[in-house]
Structures are given as structure tokens and as C-alpha cells.
There are 2 protein chains.
Amino acid sequence: MSTPAETERKRRMPRAERERQMMAVAEEIFAERGYQATGMDEVAERCGVSKPMIYEYFGSKEGLLVACVRHARGQLATATTEAVIGATGPRDALRRGLVAFFRFTDAHRRAWSLVLRNEAAVAGAAAAAEVEAIRQEQVDIDIALLSTFLPDAPRTDLEAAAQIVVGACERLSLWYVSRDDITAEQAADHLMRVLWTGLAALVAPSTAG
Amino acid sequence: MSTPAETERKRRMPRAERERQMMAVAEEIFAERGYQATGMDEVAERCGVSKPMIYEYFGSKEGLLVACVRHARGQLATATTEAVIGATGPRDALRRGLVAFFRFTDAHRRAWSLVLRNEAAVAGAAAAAEVEAIRQEQVDIDIALLSTFLPDAPRTDLEAAAQIVVGACERLSLWYVSRDDITAEQAADHLMRVLWTGLAALVAPSTAG
DNA sequence: GGTCAACCTTACTCGAAGTAGGTTACTTGC
DNA sequence: GCAAGTAACCTACTTCGAGTAAGGTTGACC
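Residues numbered from 1 in each chain as written. Chains lettered and ligands numbered in written order. Predicted model: local features only at pLDDT ≥ 70, side-chain atom pairs only at ≥ 80, totals over all residues. Heavy atoms only, no water.

Observations concerning the packing of helix 10 (residues 184-197) of chain A against helix 10 (residues 184-197) of chain B
The condition that has to hold: Axis lines are fitted to C-alpha atoms, over the contacting stretch for helices. Their N-to-C directions set the angle, which ranges from 0 to 180 degrees. Only DSSP runs of H or I covering at least 4 residues are called helices, and only runs of E covering at least 2 are called strands; the numbering of each starts at the N terminus. Residues count as neighbours in contact if any of their non-hydrogen atoms are within 4.5 Å of one another. In the scheme used here, Gly and all other residues not listed as nonpolar or charged are polar, with Ala, Val, Leu, Ile, Met, Phe, Trp, Tyr, Cys and Pro taken as nonpolar and Asp, Glu, Lys and Arg as charged.
At a minimum axis distance of 4 Å, the contact between helix 10 of chain A and helix 10 of chain B shows a crossing angle of 115°. Facing Val194(A), Leu195(A), Trp196(A) and Thr197(A) of helix 10 of chain A, the residues of helix 10 of chain B in contact are Val194(B), Leu195(B), Trp196(B) and Thr197(B). Its residues placed into classes, the contact of helix 10 of chain A with helix 10 of chain B shows six nonpolar, two polar and no charged.

Describing the relation of the copies chain B and chain A
Going by this rule: Superposing the copies works by least squares over the C-alpha atoms of residues that have pLDDT at least 70 in both of them.
The transform that puts chain B on chain A rotates by 180° and translates by 0.0 Å along the axis, for an RMSD of 0.1 Å. Taken together, the rotation and translation relating the two chain copies correspond to the operation of a two-fold axis. Of the interface residues in chain B, 100% have counterparts in chain A that sit at the interface too, so the contact is made through matching surfaces.

Remarks on the UniProt feature "DNA-binding region" (unreviewed entry) in chain A
Note the cut-off: UniProt positions are given in the numbering used here, feature names are shortened, and annotations may be inferred rather than shown by experiment.
UniProt's feature table lists "DNA-binding region" (unreviewed entry) at residues 39-58 of chain A, given in the numbering used throughout. Between the C-alpha atoms that bound residues 39-58 of chain A there is a distance of 15 Å. The span itself is 80% helix and 0% strand.

Thoughts on the protein's contact with DNA strand C
The line we're drawing: If even one non-hydrogen atom of a residue comes within 4 Å of a molecule or strand, that residue is called near it. Whenever two N or O atoms come within 3.5 Å, that pair is a polar contact, provided that in protein one can donate a hydrogen and the other can accept it, and provided that, for residues adjacent in sequence, both atoms are side-chain atoms.
In the vicinity of DNA strand C there are 20 residues, among which Arg12(A), Tyr55(A), Arg15(B), Arg18(B) and Ser50(B) approach most closely. Counting only atoms of DNA strand C within 4 Å of the protein, the sugar-phosphate share comes to 54%. A distance of 2.9 Å separates a base oxygen of DNA strand C from a polar side-chain atom of Lys51(A). In this structure, Lys61(A) approaches DNA strand C through a main-chain N or O atom, which is 2.9 Å from a phosphate oxygen. Elements represented by at least two residues in the surface near DNA strand C include exactly helix 3 (51-58) of chain A together with helix 1 (15-33) and helix 3 (51-58) of chain B. Classifying every residue of the surface near DNA strand C by side-chain character gives nine nonpolar, four polar and seven charged.

Points about the UniProt feature "domain: HTH tetR-type" (unreviewed entry) in chain A
Residues annotated in UniProt with the feature "domain: HTH tetR-type" (unreviewed entry) correspond here to residues 16-76 of chain A. Here residues 16-76 of chain A is 82% helix and 0% strand, with 22 Å between the C-alpha atoms at its ends.

Considering the interface of chain B and chain A
Worth spelling out the cut-off: Summed over both partners, the accessible surface that disappears when two parts come together, traced with a 1.4 Å probe, is what is meant by buried area. Whenever a carboxyl oxygen of Asp or Glu lies within 4 Å of a side-chain nitrogen of Lys or Arg, that contact is scored as a salt bridge.
At the interface, 41 residues of chain B touch 41 residues of chain A. Taken together, the two surfaces of chain B and chain A that pack against each other cover about 3800 Å², and 64% of this comes from carbon and sulfur. Inspection of the chain B/chain A interface yields six salt bridges. Between Glu159(B) and Arg179(A) there is a salt bridge, with its nearest N and O atoms 3.2 Å apart.

Some remarks on the protein's contact with DNA strand D
In the neighbourhood of DNA strand D, 21 residues make up the surrounding shell, with Arg12(A), Arg15(A), Arg18(A), Ser50(A) and Arg12(B) lying closest. Between Met40(B) and DNA strand D, the recorded distance is 3.0 Å, taken from a backbone N or O atom to a phosphate oxygen. Lys51(B) places a side-chain nitrogen or oxygen 2.9 Å from a base oxygen of DNA strand D. Counting residues per element, the ones that place at least two in the surface near DNA strand D are helix 1 (15-33) and helix 3 of chain A together with helix 3 of chain B. For the surface near DNA strand D, a count of residues per class yields nine nonpolar, five polar and seven charged.

Comments concerning the pattern of salt bridges
As a reminder of what qualifies: Burial classification: accessible surface area is computed with a 1.4 Å probe over protein chains only, and a residue below 20% of its type maximum counts as buried, one above 50% as exposed, and the rest as partly exposed.
Scanning all chains against the criterion turns up 42 salt bridges over all chains. Across the salt bridge formed by Glu137(A) and Arg73(A), the nearest N and O atoms sit 3.3 Å from each other. On the criterion of sequence distance, the pair formed by Glu137(A) in helix 8 (residues 125-149) and Arg73(A) in helix 4 (residues 61-84) is long-range, its members being 64 residues apart. Relative accessible area serves as the criterion here: at 25%, Glu137(A) is assigned to the partly exposed category. The class for Arg73(A) is partly exposed, based on a relative accessible area of 23%. Across the pair Glu132(A) and Arg171(B) runs a salt bridge, and its minimum N-O distance is 2.8 Å. Within this pair, whereas Glu132(A) is found in helix 8, its partner Arg171(B) is found in helix 9 (residues 155-177), the two belonging to separate chains. What makes Glu132(A) partly exposed here is its relative accessible area of 33%. Bridged by salt links that share partners, the residues Glu28(A), Glu32(A), Arg33(A), Glu42(A) and Arg46(A) form one connected network.

A short note on the nonpolar core
Stated formally: Only buried residues count toward a nonpolar core. Its members are Ala, Val, Leu, Ile, Met, Phe, Trp, Tyr and Cys residues joined through side-chain atoms within 4.5 Å.
Core analysis: the largest hydrophobic core is formed by 131 residues, its most contacted members being Leu65(A), Phe102(A), Leu191(A), Leu65(B), Phe102(B) and Leu191(B). No other element matches the 13 residues that helix 9 (residues 155-177) of chain A contributes to this core. Filtering out sequence-adjacent residues up to four positions away, Phe102(B) remains in contact with Cys169(B), Leu172(B), Ser173(B), Tyr176(B), Ala184(B), Ala187(B), Ala188(B) and Leu191(B).

Digging into the packing of aromatic side chains
The geometry of an aromatic ring pair comes down to the distance between the two centres and the angle between the two planes. Using the following cut-off: Stacked, tilted and edge-to-face are the three classes assigned to paired rings of Phe, Tyr and Trp, where Trp is represented by its six-membered ring and a pair needs centres within 6.5 Å; plane angles under 30 degrees give stacked, over 60 edge-to-face, the rest tilted. In this analysis the charged atom, NZ for Lys or CZ for Arg, is taken to sit over a ring once it is within 6 Å of the ring centre and within 35 degrees of the ring normal.
Going through the model one piece at a time under the given rule, you end up with 12 aromatic pairs over all chains. For the pair Phe30(A) and Tyr35(A), a centre-to-centre distance of 5.3 Å together with 35° between the ring planes defines the contact as tilted. With respect to class, Phe30(A) is no different from Tyr35(A); both count as buried. Seen from their ring centres, Phe104(B) and Trp112(B) are 5.8 Å apart, and the 90° between their planes marks the pair as edge-to-face. The exposure class assigned to Trp112(B) is buried, which follows from its relative accessible area of 3%. In this structure, Lys61(A) is placed above the aromatic ring of Tyr35(A), and the distance from its NZ or CZ to the ring centre is 4.5 Å.

Quick look at the side chain of Glu62(B)
Residue and element names in this part refer to chain B. Condition: A residue counts as positive if it is Lys or Arg and as negative if it is Asp or Glu; His and the chain ends are not included.
One can find Glu62 in helix 4 (residues 61-84). Of the side chains with opposite charge, Arg70 comes closest to the buried, unpaired Glu62, at an N-O distance of 9.8 Å. Within the structure, the side chain of Glu62 is placed 3.0 Å from the backbone nitrogen of Ala126, a separation counted as a polar contact. One polar contact links the side chain of Glu62 to the main-chain amide nitrogen of Ala127, over a distance of 3.0 Å. Aside from chain neighbours lying at most four places away, what touches Glu62 is Tyr35, Ala123, Gly124, Ala125, Ala126 and Ala127.

Points about the environment of Ala200(B)
One can find Ala200(B) in helix 11 (residues 199-203). Expressed as a C-alpha distance, the spacing of Ala200(B) and Leu174(B), which sit 26 residues apart in the sequence, is 25 Å.

This is the structure in C-alpha cells:
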């Protein structure tokens, strides 16, 4: 009516800022409704912008999803690699990495659900490849970690072990975020106990702790 | 020309048979191109039938996918539960289950890719729920297995361990099907070594936990 | 040989992804 | 201050595929 300038959000904004806004909005709606059920018109509307702008910046609906996933990927890789720095030994390094991973999935559960629930697969090849790249990155980190204290192990064994760790992490993080009574440290401890000590120790504990 | 009856496929067929054919065709095309890129017209054409028939029998595109996934789910549950019967102990039971799982994913890799690559998530809530039901079924089997030889363990510990096993299985099976030089038994052994014995034993084989 | 149900088709609607082409507002040089 | 250029933006459209309405065909059974 009179002066909407005060409450009204800035109409025009530079491309980089608008792109960040679009990704944030898309991430939220994708996580909320799923990729398929999300309409580009809705994303545009919530950005206070019209649809062709998104296509100008991201090319396609899949392109928008890829951008969201790539963003999360960068954050995760940074968080986990930094966490391992300064570990006192292999066991500590593994545990630090796991805690960082669970903390990350908890803090970014919205964004992360895109990867965990694998929305990318339905979107197309590019999106699927982006998600697979995240897992491969984690596998590579684990292989590097394992090879430092298992220098003589065959490459195949390292790969298999790394895949196991990544798969267990992914699944356990879904379980973890669905429960409010578990902390990231506890989730990491559960995983450490199985991965490091093995189930055999749980079945026949020498000392009834 | 003269007698097309011989080479020509049967035009009309009973509903149950047609449904099975549709599911087989859909499973193949979904696995080949992905859910999104698959058109219902194409599925219909490959069945030698028109599109409304699929809608008559499965209701929607998502319904068709759900039927495919549910089919695979039944087969997997049967295969793994049967494999565990007659095991000589907890360790043997776990290993038998794992071998059965990897054999299944290898034999049905087309169908299984629908689940592993999580095409269901993009399809909608019903399909996602169906896939999640598969995982939950496997988790329940593992919990039952673990609880028989860990009667005093807290429920939370059993759940966490089961989630870890399922996640590791899933990821390792993707790795396994991409490599021709690994057998189901070898994949199961890799997983058994980590899950049962633990990584610590690999790091320091001299110390027996 | 008629009738009823199951199987099947043609020809449509509708909604959402993606696009063509024009418009508005901010910056920059004078 | 003010024209020129450009970056941000919009309206109105096309296209393509999921889903549907209404009716045609075949065969089993009396």
C-alpha cells in the first residue's frame, strides 16, 4: 500500500547471493517434500522471483539439485578431514572421523537427507554421479586412513573395509538422526565397538564389563 | 501372413500373467534408464499392450515401481531366512545370511539396483516406504539373530549393531557387483572379518583382543 | 448363438519442465 | 545529471509425459 519498503525484502540482488538463496530454498523444499513432488514454480515463488531465473542460473531442475548436493559435499569433506588432523593413533583417528561425520549429519540433517535418501538417483545421471562422488570421497579417506596402519594389506581388503565403514556410517546416521536420545559421540562409540572390537567380543566377553 | 500364430506372441493373456510380464519389463527398463527417464508408453509398447492397461493393473507409475520392489523384497526375505536355518552357531548363522544376501544381489542385480540406487525415493512416499520396509525387514532379522546370543544386551545396542550390519551389506554389495573377481563367499568373508573379528585384529594380529 | 465379463484401444486432459523474447533497475563514463 | 550498457527480472508460451474417459473386441459358458 503505502511504504512496503520497510518490511519488503530486497527485490534485486546480485547473482551470487541469489544463487545461494535459491540453493537454500531448494534444499529445504527438496528435503521436505522430495525431489519429484517439488515444483520449480514453488521454489521460484519462495525466492520471490520467477521461474526462468532458476533456469538461467542452474540450467535445469536436476542442475539445481546437483548444486545443492555439491555444496553439502564440500562441507562434509572439510569437516571430516579436519577432524582427523592431530589424532593420537589409528583408533583415535577413526573415532574422530566418525564423530565429525555424525555431528555433520545432525547439524545438516535437512541437506543430508537429500543424499541419504538418495533423491539424486531419480533426478538423472549427473545428480547420481555427484552423490556417488561423495561416497567415493569418504571411501578414499578411509582407505588412506587404513593404509597408514595396514601397509601390508592387499588393496582389495582395504577397499572392502572402507566400503563397509562408509555403508555402516550412512545407515547408522539415518538411525541416529531419527532418535533424539543418542548423541554423535554415542553413535560413534556404537560403530567403533563393532568395527574395531568386532561382534565376537560382544558375544563372548572375557570380562563381564 | 499365413499362420502368424506360431511366431506371434499371444495377444491376450490372463491378468496375473500380464502383470508378471509388466513387472519384468518395468524392472528391466527402470534398471536400465532409471525411474524418471522411463516412460509408461515405452513399458506398454514393450509389453505389446497399450498404456491404460498398466494403469488398470497398477494404478500409477509409482504403483508399478512399488510392485517391482515388493516382488524383490519377498524373494530376498525368503532367501536370507532360509539360508540361516540349520546354522551351527551364531557365527555360522551370520555368515550364511551374508552369503545368501550377496548371492541374491548378484543373481538379481537388475532388480536390486532399483533398491540400492534408491530409485524409489524420487518416485514418492509409497515407494520409499516399500524400500525402507526391506531394510527394516533385514534389520529385524539381524536383531533377532543377535538377540539369541546376546540376551542381556540393551535393545539400543542391538538396533545399532543391526543397522551397521545392514548398511555395510548394502554398500559392500554395490562394490561387489561392480567387480567380477570377487565371489559371494569372498564378499561375505570380508564382511565377516571386519564385523566379527574387528579392525583391531587386523591392525595388531598378535594381540587377540 | 447370445450375453457377460475380461481384456484392450483410441483419443483425449492436465500439469509441470523448460524457453523465447521483452522489460526494469543498477552501474559507469562523460 | 544523464545516456548507454548490462545484469537482473518478468510474462506468456511450447512441449512432453502422466493419467483418464469412453468405447471396441474376444472368448467362455450356458
